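Read off the chains here:
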Amino acid sequence: MNLNKTGTHLFQGNEAVVEAAILSGCRFFAGYPITPSTEIAELMAVELPKVGGRFIQMEDEIGSMGAVIGASLTGTKAMTATSGPGFSLKQENIGYASFTETPVVVVNVQRVGPSTGMPTAPSQGDVMQARWGTHGDHPVVAIAPGSVAEAYTATIRAFSISEFLRVPVILLLDEVIGHMREGVSVEDVQAVEHLERKRPKGSKSDFRPYRDDGSGVPPMANFGDGYRFHVTGLFHDERGYPDLSPEWARTLMKRLMGKLDAHRDVHEWVEETETDDAEILIVSYGSPAQAATSALRQARAEGLRVGQFRVVTVWPFPEDALAKYKGQVRAVLVPEMNLGQLRLEVERVMGDAAPVLGLHRADGELFKPAEILEKIREVD
Amino acid sequence: MAINLRELSKKTIPFTGGHRMCAGCGAPIIVRQVLAAAEQPIAAGVATGCLEVATTIYPYSAWGTPLIHNAFENVAATVSGIEMAYRALKARGAVDKDIKFVAFGGDGGTYDIGLQSLSGAMERGHDMVYICYDNGAYMNTGIQRSSATPLGAETSTSPVGKRIPGKPGHRKNLTNIMAAHDIPYVAQTTPAHWRDLMTKVKKALAVEGPAFLNILSSCPLGWRIPDDSSISILRLAVDTCFWPLFEVENGSYQMNYEPKEKKPLSDWLKPQGRFRHLFRPENKHILEELQAEVDRNWERLLRLSKYDSE
């Protein structure tokens, strides 16, 4: 591992996630083997014991998700990693983590679905599942890094967002980002700020685990530290005890759904390139953004006014940031390795302001810059 | 139900060569022996794993039987549905053939993620044979530990380091768990004991209701053994009593083979690279613990089978 080194090193995306997680203070990992995420579990098994952390392999993905929730409640930063079929199994517990406001980082190295699909081929087919995979309205954050270096910084931010806002964060890699090797500058990626879990102050007897302190995010005590702590997936009052009254349900849901809106600065993450004078906007995320960037450069060389709006934090979707381009751009292109998922969000935001054109593939192949360039020329 | 080699050699086994299982892998040998033993037409299910992946690589299939692969955790549930529908069709007179249902899963798909599905199928009493090929780790994803991995074995998620000497804790005794389901037939065997294996398959197929076979399977890659040593190492598993050949018929235990001379467990461990570190002086206690566990299990089985035969 390269944690103590300086300079630029060749990293695999899955390795970068492990390094960044350990740097972020992750000391617990529960996992289950599944292609193409298995390297994360294997590396965690080797690296965590060296820093006093714990790795456990569970009997399935349901168990892995339960274990990270349990570990997180004790005050330990916890992570699990999986891919499509395992992500499906984790959904019930992801909803539980969201509702009980238990910080956890869930890595999903996306492969082609549905079902067993193509275990070794890249996809972005789980974007909507990351948002709506578990039942019920719930807050969740999903981040889709576009390079190996960004997998590193995204992991650090995933822990920050999860811990600070008490929300599960889905790290949506795709198989290309997970398995590709790229140079990563250790200094650059380690400069990212870390945010921590808010701890309770004051007397233990006054502590209410779900009492809003005004920020929308209640301070969190460690399970077993002497604070009264009751955790349940039922609707729960400030003490954590079940309260199924409609009045309270409205209050709780308002705070839960509102906390991400109130802290947009913590989770919003967009990278804009050449957008100032852009007439055609590419909205991209994950590994296709690399092909899109290449297409953008070639298009600019041809004198075409193309810009890129790269979404890194996919959920909550950066609607205000994108809405700025209404009235400016003539067309929006959305290249995605699925049959049109984030495009629906882009369409919702752009409304009638500009046509939104999708470039979609769900065949396990990558986008070539030429395909995107051709579409740009077509639109122009 | 005598097994005649000459007759067997004439039989077309509905599982072809040319699949991409590794040389020396026990799993395809097991499948061939199972299908060779079956006299009835078979419909098979297979859990996610090496057997599923490497025998059905696009655009080919090695299977001459109908085959269904669903997911990792649910071959027993999927075959339950098929068997139940078949029963309904038969009751209605829409099918008259006597079809047998066999589910195959590795140890990951059986001991771990598929245990709930297996347990449910056995409890409901579906007329199916579940066959676990147990090679003691998740070999398909690159050798991660499972709950079938023996104490001390090195895998990629139970790596040997300065402090942790391989997998902590003993393996799960799944055959006992299945016997505790009080189903008509449960047995343990290996493909190195082909006559034993095929006899057990015939018995399992003959019973009405669920049957479970736990079959030790070699993995040259994961066990770190030469390709051509699979059969001899599987024999050693039995001769050291690590993997006793026994059966539980309607609750009654029967030992099928008692080695004349019980070999020390180290004879089985030593040829396998995954146990190499156990022979360092500081890990002597692990070897002793492994031997003690084998002895305890063996004595228990002897007691049970003696008690049941008296």
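Residues numbered from 1 in each chain as written. Chains lettered and ligands numbered in written order. Predicted model: local features only at pLDDT ≥ 70, side-chain atom pairs only at ≥ 80, totals over all residues. Heavy atoms only, no water.

1. Quick look at helix H3 (residues 61-73) of chain A
Residues and elements named next belong to chain A.
- In a regular helix each residue adds 1.5 Å, so 13 residues correspond to 18 Å; H3 covers 19 Å between its end C-alpha atoms and thus fits that length.
- Counting buried residues along H3, 10 of its 13 residues qualify, which places the element largely inside the surrounding structure.
- Looking only at H3, the buried set comprises Glu61, Gly63, Ser64, Met65, Ala67, Val68, Ile69, Ala71, Ser72 and Leu73.
- Contacts made by the buried residues of H3 are with strand E2 (26-31), strand E3 (54-57), strand E4 (77-82), helix H4 (84-99) and strand E5 (105-112).
- Two to three positions downstream of the cap, the backbone nitrogen of Ile62 sits 3.1 Å from a side-chain oxygen, assigning the N-cap of H3 to Asp60.
- Gly75 sits one or two residues past H3 and shows a positive phi near 105°. (Helix = DSSP H or I, 4+ residues; strand = E, 2+ residues; numbered from the N terminus. Expected span 1.5 Å × (residues − 1). Buried < 20%, exposed > 50% of the residue type's maximum accessible area, 1.4 Å probe, protein only. Contact = heavy atoms within 4.5 Å. Polar contact = N/O pair within 3.5 Å; in protein donor to acceptor, adjacent residues only side chain to side chain.)

2. Here's the deal with the sheet that holds strand E14 (residues 331-336) of chain A
Residue and element names in this part refer to chain A.
- Here we have 5 strands laid out as an open sheet, ordered E10-E12-E11-E14-E15, and mixed in their pairing. In the strand order of this sheet, the two ends are held by strand E10 (270-273) and strand E15 (356-360), each with one partner. Taking each pair of neighbouring strands and ignoring which way they run, the sheet shows an average axis angle of 20°.
- Sheet analysis places strand E11 (residues 280-284) next to E14, joined by 3 bridges and oriented parallel. Counterpart to Leu281 in the pairing with E14 is Val332. (Pairing = 2+ DSSP bridges. Axes fitted to C-alpha atoms, helices over the stretch in contact; angles between N-to-C directions.)

3. Thoughts on the domain arrangement of chain A
All names here are of chain A.
- Taken as a whole, chain A is organised into domain 1 (8-190) and domain 2 (271-379).
- Taken over C-alpha atoms, the centre of domain 1 sits 26 Å from the centre of domain 2.
- Counting residues at the interface gives 26 residues for domain 1, matched by 24 residues for domain 2.
- Buried surface at the junction of domain 1 and domain 2, both sides included, amounts to about 1900 Å², of which 58% is carbon and sulfur.
- When the buried surface of domain 1 facing domain 2 is broken down by residue, Gln124, Val127 and Met128 rank first, second and third, together holding 30% of it. (Domains from an automatic or database assignment. Buried area = accessible area lost by both parts, 1.4 Å probe.)

4. A look at the pattern of salt bridges
Residue and element names in this part refer to chain A.
- Counted according to the given criterion, the structure contains 37 salt bridges over all chains.
- Where Asp277 meets Arg305, a salt bridge forms, and the shortest distance between an N and an O atom there is 4.0 Å. On the criterion of sequence distance, the pair formed by Asp277 in the loop between E10 and E11 and Arg305 in the loop between helix H11 (288-301) and strand E12 (306-311) is long-range, its members being 28 residues apart.
- By relative accessible area, which is 32% here, Asp277 ends up partly exposed.
- Residue Arg343 is joined to Glu347 by a salt bridge in which the shortest nitrogen-to-oxygen separation is 3.0 Å. Of this pair, Arg343 and Glu347 are both found in helix H13 (residues 342-350), 4 residues apart, which corresponds to roughly one turn of the helix. (Salt bridge = Lys/Arg side-chain N within 4 Å of Asp/Glu carboxyl O.)

5. Topic: the packing of aromatic side chains
- A complete count under the given rule lists 18 aromatic pairs over all chains for this structure.
- For the ring pair Phe29 of chain A and Phe55 of chain A, a centre distance of 6.0 Å and an interplane angle of 10° mean the geometry is stacked. Taken as a pair, Phe29 of chain A in strand E2 and Phe55 of chain A in strand E3 lie far apart in primary sequence, 26 residues in all.
- Owing to a relative accessible area of 14%, Phe55 of chain A belongs among the buried residues under this scheme.
- For the ring pair Trp223 of chain B and Trp268 of chain B, a centre distance of 6.0 Å and an interplane angle of 85° mean the geometry is edge-to-face. Of this pair, Trp223 of chain B sits in helix H9 (residues 220-223) while Trp268 of chain B is found in helix H11 (residues 266-269), placing the two residues 45 residues apart along the sequence.
- A relative accessible area of 0% means that Trp223 of chain B is categorised as buried.
- Aromatic rings pair up to connect Trp223, Phe242, Trp243, Trp268 and Phe275 of chain B into one cluster.
- A cation sits over an aromatic face here: Arg131 of chain A above Trp132 of chain A, 3.9 Å from the ring centre.
- A cation over an aromatic ring shows up here: Lys204 of chain A above the ring of Tyr227 of chain A, its NZ or CZ 5.4 Å from the ring centre. (Phe/Tyr/Trp six-rings, centres within 6.5 Å; stacked < 30°, edge-to-face > 60°. Lys NZ or Arg CZ within 6 Å of the ring centre and 35° of its normal.)

6. Remarks on the pairing of E14 of chain A
All names here are of chain A.
- Of all 6 residues that make up E14, 6 are buried, and the element is covered over most of its length.
- Of the two faces of E14, the one holding Ala331, Leu333 and Pro335 and the one holding Val332, Val334 and Glu336 are both buried throughout.
- Sheet topology places E14 next to E15; 5 bridges connect them, and they run parallel. Looking across to E15, one finds that Leu333 is bridged to Leu357.
- In the classification by handedness, the crossover that spans E14, the intervening H13 and the parallel E15 is right-handed. (Right-handed = clockwise from strand over helix to strand, strands pointing away.)

7. What about the sheet that holds strand E3 (residues 100-106) of chain B?
Residue and element names in this part refer to chain B.
- Strand order across the open sheet formed by 8 strands is E2-E1-E3-E4-E6-E5-E7-E8, with mixed pairing between neighbours. This sheet does not close on itself; its edge strands, each paired only once, are strand E2 (67-69) and strand E8 (252-255). Ignoring which end each strand starts from, the neighbouring axes of this sheet average 15° apart.
- Summarising the sheet, strand E1 (residues 42-46) and E3 pair through 5 bridges and their orientation is parallel. Of the residues in E3, the one forming a bridge with Ala44 is Val102.
- Packed onto the sheet, helix H2 (residues 26-37) meets E1, E3, strand E4 (128-134) and strand E6 (211-216) and runs at close to 155° relative to E4.
- In the packing of helix H12 (residues 284-309) onto the sheet, contacts are made with strand E7 (246-249) and E8, and the angle to E8 comes to roughly 115°.

8. With respect to the nonpolar core
- Among the nonpolar cores identified, the biggest contains 56 residues, and Met122, Tyr130, Phe212, Trp223, Phe242 and Trp268 of chain B are the most heavily contacted of them.
- When residues of this core are assigned to their parent elements, the largest contribution, 7 residues, is made by H12 of chain B.
- Ignoring sequence-local partners within four residues, the contact set of Phe212 of chain B consists of Thr110, Leu118, Tyr130, Cys132, Leu174, Met178, Ile183, Tyr185, Val186 and Ala187 of chain B.
- Formed by 47 residues, the second largest nonpolar core is a distinct cluster that contains Met58, Met65, Phe87 and Val231 of chain A. (Core = buried A, V, L, I, M, F, W, Y, C linked by side-chain atoms within 4.5 Å.)

9. Some words on the interface of chain A and chain B
- Chain A puts 18 residues into the contact, and the matching count from chain B is 17 residues.
- On the chain A side of the interface with chain B, the three residues burying the most area are Tyr32, Glu42 and Gln57 of chain A, jointly 37% of the side's total.
- Where chain A touches chain B, the interface holds 0 salt bridges.
- Put simply, the parts of the chain that give the side of chain A that touches chain B at least two residues each are helix H2 (38-47) and E3 of chain A.
- Element by element, the count of residues in the side of chain A that touches chain B is highest for H2 of chain A, at 5 residues.
- The residue makeup of the side of chain A that touches chain B, split by class, is 9 nonpolar, 5 polar and 4 charged. (Nonpolar A, V, L, I, M, F, W, Y, C, P; charged D, E, K, R; others polar.)

10. Points about the environment of Gly106 of chain B
Residues and elements named next belong to chain B.
- By the secondary structure assignment, Gly106 is in strand E3.
- On the basis of relative accessible area, Gly106 is assigned to the buried category, the value being 11%.
- Sequence-wise, Gly106 and Val46 are 60 residues apart; in three dimensions their C-alpha atoms are separated by 8.9 Å.
- Look past the residues within four positions of Gly106 in its chain and what remains in contact with it is Cys132 and Tyr133.

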